[in-house]
Each structure stands twice: as C-alpha cells, then as structure tokens.
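Each chain, written out:
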Amino acid sequence: MKEEMTAQQDQHATTVHDAPWLDDDQQRYWRSFLDGSARFVEALSKEHEERSSLTLGEYELLVRLSEAVDHTMRMSALADGLARSRSRVTHTVHRMEQRGLVRRAASVGDGRGVNCVMTEAGYAELEASAPGHVTAVRRYLVDVLTPAQLRNLGEAMDAIAEACRVVEPREQ
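First things first, this report covers the structure right here in the doc. Sequence order as written defines the numbering, with residues in each chain counted from 1. Note on the predicted model: pLDDT of at least 70 is required for a residue's local features to be given, and 80 or more for side-chain atom pairs to be given and counted; whole-chain, interface and lining totals, by contrast, use all residues. Side-chain numbers come from the whole structure's heavy atoms, not from hydrogens or water.

### Description of the overall build of the protein
Under the scheme used here, helices are H or I runs from DSSP no shorter than 4 residues and strands are E runs no shorter than 2 residues, and both carry numbers assigned from the N terminus. Scanning the protein from N- to C-terminus turns up seven helices and three strands. Each helix and strand of the protein, ordered N terminal to C terminal, gives the series α-α-α-β-α-α-β-β-α-α. Only protein chains enter the area calculation, which uses a 1.4 Å probe; residues under 20% of their type maximum are buried, those over 50% are exposed, and those in between are partly exposed. For the protein, the proportion of its 172 residues judged to be buried stands at 22%. Considering only residue pairs separated by 6 or more positions, the protein has 49% of its internal contacts joining residues 24 or more positions apart. Where accessible areas are quoted, they stem from the Shrake-Rupley method and a 1.4 Å probe; at the residue level, only the protein chains shown are allowed to cover. With an accessible surface of roughly 12,700 Å², the protein has 53% of that area assigned to carbon and sulfur atoms. Only heavy atoms matter for contacts: two residues are in contact if any of them lie within 4.5 Å across the pair.

This is how it looks when you write it as structure tokens:
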C-alpha cells in the first residue's frame, strides 16, 4: 500500500504544496547518499587515473566482458548492464577499439546486432588493473563498513536499481 501511495503521490505532485517532502532523517540520509556515492566514485576514478591506463568506466566494461561467454556481449546488453546509454557505451567502445582492447563484430545469426569482444590485449590490461582496483574498493568501501552494513548497502542498492529500471521516461 505504501509503494502505491508513493507512486500516486509522485504522479500528482505538481506543485510545491503537493510534494511529499522528506522528513529530517530522510533528508539527511538522502544527502549522505549523494555525498558518499559521489566521493566514492571520485576516489575510485582518481585511483584509476593514477594507477591504471583504464578509466573506471573502461575497467567496468572489461569486467563485464571478462565474465561473458567468449568475452563477448551484445552492445545493447552491455549498455544495459552498465546502466549507461547506448551512445555513451558506443563512444567508450570506439576509444577502446582504437587502443586494441576490444573489437566490434556482427552478432552471429542476427545481422542487425553488434557485439563487443574483449581482445587479448584488453584482458591483459584488465588483469594489470585489477589489483589496484580491488585495493581501492576495499579501502573506500569494503573495509570501511561492517559486514552487515555492506550487506545492507548491497540490498538497498539492488532495490534502488530495480526501482530505476521500471521507471518509464516521463513525457516532456
């Protein structure tokens, strides 16, 4: 019932008087989320800039490919998995292609689809960057939280990701 009410309130909150404002605790946690997530991504990105030839986005793209069968994913699935626009992933893949880290290939059995394939050079670059990445994730996230906090964070972020997946674009 509460979820339905929130969705209903959201649809009808057209004026400042109608908005379901956050209480003090909600406001504090919301701002903590914004601050913590921005600082975490900034710190991790800085680590990549200083210790790796891969940006954080390139690293995550290679991780996804490394976990896929034949180190290959359809471009649209890659974009969805990374929660990035297809255009943004296409530009990233283009830059990585120029460095020999990935290549694009037509999807087998589907002339319309395009796959992204990690090359041996891409896998080697991923392996070289992984120790620094994992060390930074531990320093800024895993070792800062208790196991219960880390589990709760993961569960909370799963719920947020799912809620954001089902949101349909609003008409403008």
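From this point, the narrative continues.
### Points about the pairing of strand β3 (residues 110-118)
In this description, strands pair whenever DSSP reports at least two bridges between them. Of the strand pairs in this sheet, strand β1 (residues 72-74) and β3 are connected by three bridges, and their pairing is antiparallel. Note that in β3 the partner of T72 across the bridge is V117. Pairing between strand β2 (residues 102-107) and β3: six bridges, direction antiparallel. Along β3, the bridge assignment pairs A105 with N115. What sits between the antiparallel neighbours β2 and β3 is a turn of two residues, in which G109 has the positive phi angle 80 degrees.

### Overview of a nonpolar patch on the surface
Without a salt bridge and with relative accessible area above 30%, a residue can belong to a patch; like charges are then joined within 9 Å and nonpolar side chains (Val, Leu, Ile, Met, Phe, Trp, Tyr) within 5 Å. In what follows, salt bridge is the name for a side-chain nitrogen of Lys or Arg lying within 4 Å of a carboxyl oxygen of Asp or Glu. A cluster of nonpolar side chains, contributed by L22, W30, F33, L34, L153, M157 and I160, occupies part of the molecular surface with about 570 Å² of accessible area. Listing elements by their share of the nonpolar patch, those giving two or more residues are α2 (24-51) and α7 (147-166). Along the polypeptide, L34 turns up in helix α2. Classification of L34 as partly exposed rests on a relative accessible area of 39%.

### Points about the side chain of H133
Residue placement: H133 occurs in helix α6 (residues 120-142). H133 gets classed as buried once you look at its relative accessible area, which sits at 13%. If we ignore the near neighbours within four places in the chain, the residues touching H133 are L44, H48, L56 and Y59.

### Notes on helix α4 (residues 75-82)
Among the residues making up α4, those that are buried are M75, L78, A79 and L82. Looking straight down α4, one finds its buried side chains confined to an arc of 100 degrees; they lie on one side. Here the buried face of α4 lies against α3 (56-67), β1, α5 (86-98) and β3. Phi for A83, located one or two positions after α4, is positive at around 55 degrees. Comment: arc refers to directions from the helix axis out to C-beta atoms.

### Brief notes about α2
Over its 28 residues, α2 extends 40 Å from the first C-alpha to the last, a length consistent with the 40 Å expected when each residue adds 1.5 Å. Turning to α2, its buried residues number three or more, namely A43, L44, E47 and H48. Against the buried residues of α2 lie α3 and α6. Identification of polar contacts relies on pairs of N or O atoms within 3.5 Å, with a donor-acceptor requirement for protein atoms, meaning one able to donate a hydrogen and the other able to accept it, and with residues adjacent in sequence counted only if both atoms are side-chain atoms. The opening residue of α2 is D23, an N-cap whose side-chain oxygen sits 3.1 Å from the backbone nitrogen of D25. To estimate the expected span of a helix, subtract one from its residue number and multiply by 1.5 Å.

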